[in-house]
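Structural features, examined
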Amino acid sequence: MAPDLIDLPNIDASAFAIPDAAALRPAALVHRPRILLLYGSLRERSFSRFATIEAARLLETFGAETRIFNPSGLPLPDDAPAEHPKVQELRALSAWSEGQVWCSPERHGSMTGIMKAQIDWIPLSIGAVRPTQGKTLAVMQVSGGSQSFNAVNQLRVLGRWMRMITIPNQSSVAKAYEQFDDVGRMKPSAYYDRIVDVMEELVKFTLLTRGISSYLTDRYSERKEEAEKLSQRLQLDEAL
């Protein structure tokens, strides 16, 4: 039944829909949640990479399937064609994923250029494919000094821009050089416990949303635009 739009004269009834609770029930998908992890440093002893590897271990233990993208060799945005092998690898992994983890060092009060370049190479849409829309996201950062949240705050803005479901929890590891041993394993600490919390929450949100992300991101404005395009095509067909 069409909704009563008597008090909404500006609404296009053909594109308007009442949210359906039944459509929001998590789908019974048999494969493990697919999580892509990105980090923002190419240093040999990279604490953002170490933290990312720790996060992947936790995600695997929580039942997820993980992939970690190595940004070494990724060109700067617009400095190479989209057909570049590293760009294609990154985009394929993003399309494969149902959730992502972004972990950046804080450099000059900001995320690193390497981190931003990875996100910039993932467009909002590639034809009919939306590589990030509706996927879950967890954000983390590592700092050389006292605890800061500049990088994770910026990553949250980017996650919103990429139309991702960014979970409430986040991780910021201060004095990262003190938090990892000689082989790159994270030492026991409240910082480690927070990463456990964040990965647990990410898996829960991914399980809740992965089968219904297309419904969660189905928007009135886009339905209206598609209806107008269809109407124009039909009018053109009739004219021919």
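Residues numbered from 1 in each chain as written. Predicted model: local features only at pLDDT ≥ 70, side-chain atom pairs only at ≥ 80, totals over all residues. Heavy atoms only, no water.

In the sheet, strand β1 (residues 34–39) pairs with strand β2 (residues 65–69) via 5 bridges, with the strands oriented parallel. Paired with Ile-35 across the bridge in β2 is Thr-66. (Pairing = 2+ DSSP bridges. Helix = DSSP H or I, 4+ residues; strand = E, 2+ residues; numbered from the N terminus.)

This part is about the packing of aromatic side chains. A complete count under the given rule lists 4 aromatic pairs for this structure. Ring centres of Phe-47 and Phe-50 lie 6.1 Å apart, and the angle between their planes is 75 degrees; this geometry places the pair in the edge-to-face category. One end of the pair is Phe-47 and the other is Phe-50, both in helix α1 (residues 47–61) and 3 residues apart, which spans about a single turn. Ring centres of Phe-50 and Phe-180 lie 5.7 Å apart, and the angle between their planes is 50 degrees; on these two criteria the pair is classed as tilted. Residue Phe-50 is located in helix α1, and its partner Phe-180 is located in the loop between β6 (171–173) and α5 (190–209); the two are separated by 130 residues in the primary sequence. Its relative accessible area of 9% is what places Phe-50 among the buried residues. With relative accessibility at 2%, the residue Phe-180 sits in the buried group. One aromatic cluster in this structure is built from Phe-47, Phe-50 and Phe-180. (Phe/Tyr/Trp six-rings, centres within 6.5 Å; stacked < 30°, edge-to-face > 60°. Buried < 20%, exposed > 50% of the residue type's maximum accessible area, 1.4 Å probe, protein only.)

Before going further, it helps to spend a moment on unusual backbone geometry. Phi is positive for His-108, which is not a glycine, with a value near 55 degrees. Within the fold, His-108 resides in the loop between β3 (99–105) and α3 (113–120). Taking relative accessible area as the criterion, His-108 reaches 83% and is therefore assigned exposed. Of note in this structure, Lys-175 is not a glycine but carries a positive phi near 40 degrees. Tracing the sequence through the fold places Lys-175 in the loop between β6 and α5.

Before going further, it helps to examine the nonpolar core. Core analysis: the biggest nonpolar cluster contains 26 residues, and Leu-59, Val-101, Met-140, Ile-195 and Met-199 have the highest contact counts within it. Elements with a minimum of two residues in this core: β1, α1, β3, β4 (136–142) and α5. If one sorts the elements of this core by residue count, α1 sits on top with 7 residues. Once you skip the residues sitting within four places of it in the chain, Ile-195 turns out to touch Ala-51, Ala-55, Leu-58, Met-140, Ser-171, Val-173 and Met-186. Of all hydrophobic cores here, the second largest spans 20 residues; its members include Leu-93, Met-115, Trp-121 and Val-152. (Core = buried A, V, L, I, M, F, W, Y, C linked by side-chain atoms within 4.5 Å. Contact = heavy atoms within 4.5 Å.)

The periodicity of an α-helix, 3.6 residues per turn, causes residues three or four places apart in sequence to face the same way. Taking 1.5 Å of rise per residue, 12 residues should cover 16 Å, and helix α2 (residues 85–96) covers 16 Å from first to last C-alpha, within 8% of that figure. Within α2, burial applies to Lys-86, Val-87, Leu-90, Arg-91, Leu-93 and Ser-94. The buried side chains of α2 occupy one side of the element, clustering within an arc of 160 degrees when seen end-on. (Expected span 1.5 Å × (residues − 1). Arc of directions from axis to C-beta.)

What follows is about α5. With 20 residues, α5 extends 29 Å between its outermost C-alpha atoms, agreeing within 8% with the 28 Å of an ideal straight helix rising 1.5 Å per residue. Listing the buried residues of α5 in full gives Ile-195, Val-196, Val-198, Met-199, Glu-201, Leu-202, Val-203, Thr-206 and Thr-209. Between a side-chain oxygen at the N-terminus of α5 and the backbone nitrogen of Tyr-191 the separation is 3.2 Å; the capping residue is Ser-189. (Polar contact = N/O pair within 3.5 Å; in protein donor to acceptor, adjacent residues only side chain to side chain.)

All right, on to the pattern of salt bridges then. Using the criterion set out here, one finds 11 salt bridges in the structure. For Lys-204, the salt bridge is made with Glu-200, and the minimal N-O distance between the two is 3.2 Å. Of the two residues, Lys-204 and Glu-200 are both situated in helix α5; the distance of 4 residues between them amounts to about one turn of the helix. According to the relative accessible area criterion, Lys-204 is partly exposed, its value standing at 49%. Judged by its relative accessible area of 31%, Glu-200 is partly exposed. Connected through shared salt-bridge partners, Glu-54, Arg-57 and Arg-185 make up one network. (Salt bridge = Lys/Arg side-chain N within 4 Å of Asp/Glu carboxyl O.)

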